[in-house]
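Results of the structural survey
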Amino acid sequence: MPNYSLEDVNGMYIDVLRELGNIGAGNATTAISDMLGLRLNMEVPQVRLLDFRELGSAICAEDEEIAGIYLEVSSDIEGSMMFLLRLESAHYLVNKLMCRSDDCVEPFGEMELSALKEIGNIIAGSYLCALSGMTNLKITSSVPFLAIDMAAAILSVPAIQFGQYGDNALLIETEFGDDVKINGFFILLPELESYEKILNALGIQM
């Protein structure tokens, strides 16, 4: 077991994660632009180190419904990741993909959920590709799991896992869109040993 804490690791490579956020968000914006046939602009991602208890309020009110895409990560690194969208952003992306009016807010049916899962899978995959490209590590992901629920309920999944490793979480917030801005929140949760692999692959020796 490594003899350093997750808090130490987070402080050391937050600048690297900021660069990962830039590359991953750029990849995701390009992929979604191609998918939707739109010209999208991207803002510089915001990277914050937070106490895990602050994570929910940094995204929205805990009782607000959001869409969450969860994937297991394996191969050279182990862990999980999540991509979170507020519902208005989720509706906007699905409406664009399905050629509907932007103001359509009907409850998601099976077709809409499938479309949203694919959008989330592409965005999450873009971040993992960026991480893999920066580290030359092989990273594979599971089939994505989609949930639409209150933020507190969705964030309880990484809370259980993250509680094993420390009290802090790294949150990467991205914003992209045309006339309407889409806010997405990316959380990567590698196991502690995987942090060491990532750091070593980036040339940061412990």
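A brief report on the enclosed structure follows. (Residues numbered from 1 in each chain as written. Predicted model: local features only at pLDDT ≥ 70, side-chain atom pairs only at ≥ 80, totals over all residues. Heavy atoms only, no water.)

1. Focus: the overall build of the protein
- Secondary structure summary: the protein contains six helices and eight strands in total.
- Within the span of the protein, comprising 206 residues, buried residues form 49% of the whole.
- For the protein, long-range pairs separated by at least 24 residues make up 75% of all intrachain contacts whose partners lie at least 6 apart in sequence.
- Split by element, the accessible area of the protein, about 9,500 Å² in all, is 49% carbon and sulfur. (Helix = DSSP H or I, 4+ residues; strand = E, 2+ residues; numbered from the N terminus. Buried < 20%, exposed > 50% of the residue type's maximum accessible area, 1.4 Å probe, protein only. Contact = heavy atoms within 4.5 Å. Areas by Shrake-Rupley, 256 points an atom, 1.4 Å probe, with all protein chains shown as cover.)

2. Structural notes on the nonpolar core
- Ile32, Met81, Leu85, Leu93, Leu116 and Ile123 are the most contacted members of the largest nonpolar core, which totals 36 residues.
- Residue assignment for this core shows that the elements contributing at least two residues are α1 (6-36), β3 (65-75), β4 (79-86), α3 (87-97), α4 (110-135), β7 (168-177) and β8 (181-190).
- Ranked by residues supplied to this core, first place goes to α4 with seven residues.
- Among residues more than four places away in sequence, those in contact with Leu85 are Ile66, Ala67, Ala90, Leu93, Leu116, Ile182, Asn183 and Gly184.
- Grouped together as the second largest cluster of nonpolar side chains are 15 residues, Met82, Ala151, Ile154 and Leu155 included. (Core = buried A, V, L, I, M, F, W, Y, C linked by side-chain atoms within 4.5 Å.)

3. As for unusual backbone geometry
- Even without glycine at this site, Cys99 takes up a positive phi of about 55 degrees.
- Take Cys99: it is sitting in the loop between α3 and α4.
- One non-glycine residue with positive phi stands out, namely Asn136, at about 60 degrees.
- On the secondary structure map, Asn136 appears in the loop between α4 and β5 (139-141).

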